[in-house]
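# Inside the fold
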Amino acid sequence: MVKSFKIEDRAAALVEKSTLLKILNYIDTVDLKTPVLLMDGDRLRRSVATVGRGIDGCKVFYAVKANPSPKVLRLLAALDVGFEISNEGELNVLSMLGVSPERIISSNPVKAADFIESAYSYGVRYFAFDSPAEIIKMSELAPNSNLYLRLAVPNEGSEWPLSRKFGVEIEDALKLLIMAKDSRLNPMGITFHVGSQCNNIYNWNIALDKARLLSDMAAEAGIAISLINIGGGYPIKYTKNVLTVEAIERHINKLIKDRFPETAVYLEPGRAFVGDAGIMVARVTGKADRLDGRWLYIDVGVFNGLMESIGGIKYTYITEAHAGQSVKDNWTLAGPSCDSFDVIDKNVQLCEPEVGDMVLILSGGAYTISYASEFNGCAIPETVIV
Ligand SMILES: Cc1ncc(COP(=O)(O)O)c(C=O)c1O
């Protein structure tokens, strides 16, 4: 049966028209089992064709953690793009797909020994690091590898900050580069991450300034920095407009031309590569009026796909249209498990859906299925490329 959805201007402005139309058509042609993540294959191909292209000579390594679905990876593997991995499971999928080691790097600064061994024996030779313990491991398990040092940089203005767990300040960074050089390794690069869903373009200025300073200090110590890996961080449209890839790359390109004119540049986009190619389709499983207001329950939640909602990521929802609907209510939106932690959002303004109705969750392609668990017997959404 052809479904009719209530698509408000605000939602229409956030999603690419071709992606939405394609997904709406698909929903009409199949008997869809929910929850399901529908990914627009053409949009993924466009990511490969556009992201990173505004930075001269930039090589792109898709951060697999954003969406490790073998279907997504198979599509990308057939195109001109590399892959950034952090752990054994990600390596296994790429090796199953026959991705050659020259197309793979690992930017996890603290890697399990087993993973280092497998990646090295597979032929991966580019790794991040930020501690003496990692240098000791790498020198034993991956001698002569090319190492890039993870520098701490500000993550202000990024909705999903990544600065606390990894990264060192310049003085320690220099000591680590020297230690790596003295340990049968090839420290040749600097990396950083400005924070995921970064809306502050000046984070790249500070990061690249710090990297330049470190690079000069390294040169004085006899270490040539020939690679700058600028990580990920590009934002996508969840509930509002964000900096475009073109605007960010115009800015970064100028900064790099000025500070690193001769240096190779790597980029590791995750969210911006796959996020807005995906629309999560869920169904309403129930509704209730409680003391604190109206609650709407759907079959995808914090545990089986929308984990980032508890870290502050807010989604835009499209619900089915029904005759006579006009008044919007404020809903608390909750997932399918029995855990009271499983609350996706509060004060979501929606016209009242019926139990069994579909709910489309826009920009659902990144950091959804990769975080999902089957807690409480709730299914992880299947990924379908349309
Ligand atoms: C080392 C590294 N590179 C790249 C990414 C991808 O970042 P984003 O999804 O913000 O583009 C991440 C995300 O956590 C990361 O940790």
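Further up the page is the structure itself.
Structural notes, computed from the coordinates.

### A short note on the pairing of strand E2 (residues 36-39)
- With burial as the criterion, each face of E2 is covered, one bearing Val-36 and Leu-38 and the other bearing Leu-37 and Met-39.
- Sheet analysis places E2 next to strand E13 (residues 278-290), joined by 4 bridges and oriented antiparallel. Looking across to E13, one finds that Leu-38 is bridged to Ile-279.
- As judged from the 4 bridges shared by E2 and strand E19 (residues 382-385), these two strands associate in the parallel manner. Bridging from a neighbouring strand, Leu-37 pairs with Thr-383 of E19.

### Quick notes on the packing of aromatic side chains
- This model, assessed by the stated rule, comprises 10 aromatic pairs.
- Measuring from ring centre to ring centre gives 5.5 Å for Tyr-62 and Phe-273, while their planes differ by 20 degrees; the resulting arrangement is stacked. With Tyr-62 in strand E3 (residues 59-63) and Phe-273 in helix H11 (residues 271-274), the pair connects residues that are 211 residues apart, well separated along the chain. Like Tyr-62, the residue Phe-273 is buried in the burial classification.
- Considering the side-chain rings of Tyr-126 and Tyr-266, the 6.0 Å spacing of their centres and the 55 degrees angle between planes classify their relative orientation as tilted. Taken together, the positions of Tyr-126 in strand E6 (residues 126-129) and Tyr-266 in strand E12 (residues 264-267) put the pair 140 residues apart, joining distant regions of the chain.
- Tyr-126 gets classed as partly exposed once you look at its relative accessible area, which sits at 25%.

Thresholds, definitions, all that
Residues numbered from 1 in each chain as written. Predicted model: local features only at pLDDT ≥ 70, side-chain atom pairs only at ≥ 80, totals over all residues. Heavy atoms only, no water. Buried < 20%, exposed > 50% of the residue type's maximum accessible area, 1.4 Å probe, protein only. Helix = DSSP H or I, 4+ residues; strand = E, 2+ residues; numbered from the N terminus. Pairing = 2+ DSSP bridges. Phe/Tyr/Trp six-rings, centres within 6.5 Å; stacked < 30°, edge-to-face > 60°.

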